[in-house]
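So you can see what is in the structure, the chains are spelled out below.
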Amino acid sequence: MARVLVNVPKTAKQGEVVEIRAMIAHPMETGYRVGPNGINIPRDLIRRFACTYNGEEVFWADLHPAVSANPFLAFTLVATTSGTIEFAWTDDAGKTQTASAEITVR
């Protein structure tokens, strides 16, 4: 599927607010553009992004046709315990692309 890039600090102090960044390489086609053959390019959008921290959802976003190609999201969370931060992007067809990163809390 698509290439994803996630940026999560490797370590953080307990209670520290950390910035999380995530991007997916995706065309975000609205279905309104006409291709070189004169036919509309089929709609292909990422509809939802969700991030979980040790299994608990900490951030989500519903994306719409006005979002540009290769959507980039940045948000913060409070580092409470060491664990896994998981990312999921779901498209119009219901396909989900996932990624994960570990964070160690000292």
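Residues numbered from 1 in each chain as written. Predicted model: local features only at pLDDT ≥ 70, side-chain atom pairs only at ≥ 80, totals over all residues. Heavy atoms only, no water.

Draft legend 1. The arrangement of the nonpolar core in detail. Within the largest apolar cluster, 26 residues are counted, with the highest numbers of intra-cluster contacts made by I20, F49, I85, F87, W89 and I103. Listing elements by their share of this core, those giving two or more residues are β3 (17–24), β4 (46–53), β6 (72–78), β7 (83–91) and β8 (96–105). Non-local contacts of I103, meaning those with residues more than four positions away in its chain, are made with V8, P9, K10, A12, V18, Y53, A79, T81, S82, G83 and I85. (Core = buried A, V, L, I, M, F, W, Y, C linked by side-chain atoms within 4.5 Å. Buried < 20%, exposed > 50% of the residue type's maximum accessible area, 1.4 Å probe, protein only. Helix = DSSP H or I, 4+ residues; strand = E, 2+ residues; numbered from the N terminus. Contact = heavy atoms within 4.5 Å.)

Draft legend 2. Structural view of the pairing of β6. Residue alternation in β6 divides its side chains into a buried set, L73, F75 and L77, and an unburied set, F72, A74, T76 and V78. Across seven bridges, β3 lies against β6 in antiparallel orientation. Of the residues in β6, the one forming a bridge with E19 is T76. (Pairing = 2+ DSSP bridges.)

Draft legend 3. Region of interest: the pattern of salt bridges. Applying the stated criterion across every chain yields a total of six salt bridges. Residue R43 is joined to D92 by a salt bridge in which the shortest nitrogen-to-oxygen separation is 2.9 Å. In this pair, R43 sits in the loop between β3 and β4 while D92 sits in the loop between β7 and β8, placing the two residues 49 residues apart along the sequence. R48 is the partner of E57 in a salt bridge, and the nearest nitrogen-oxygen pair spans 3.2 Å. Judged by its relative accessible area of 40%, E57 falls in the partly exposed class. Assessed through its relative accessible area of 29%, R48 is described here as partly exposed. Bridged by salt links that share partners, the residues R43, R47 and D92 form one connected network. (Salt bridge = Lys/Arg side-chain N within 4 Å of Asp/Glu carboxyl O.)

Draft legend 4. Representation of the pairing of strand β5 (residues 56–62). As judged from the six bridges shared by β4 and β5, these two strands associate in the antiparallel manner. Bridge pairing links F49 to A61 in β5. Hairpin connection, β4 to β5: the antiparallel pair is bridged by two residues, and N54 has positive phi, about 55 degrees.

Draft legend 5. Fine view of the sheet that holds β3. The sheet built from three strands is open, its strands ordered β1-β3-β6 with antiparallel pairing. Bordering the open sheet on either side are β1 (4–7) and β6, each of which pairs with just one other strand. Strand-to-strand, the axes of this sheet are offset by a mean angle of 15 degrees, without reference to chain direction. (Axes fitted to C-alpha atoms, helices over the stretch in contact; angles between N-to-C directions.)

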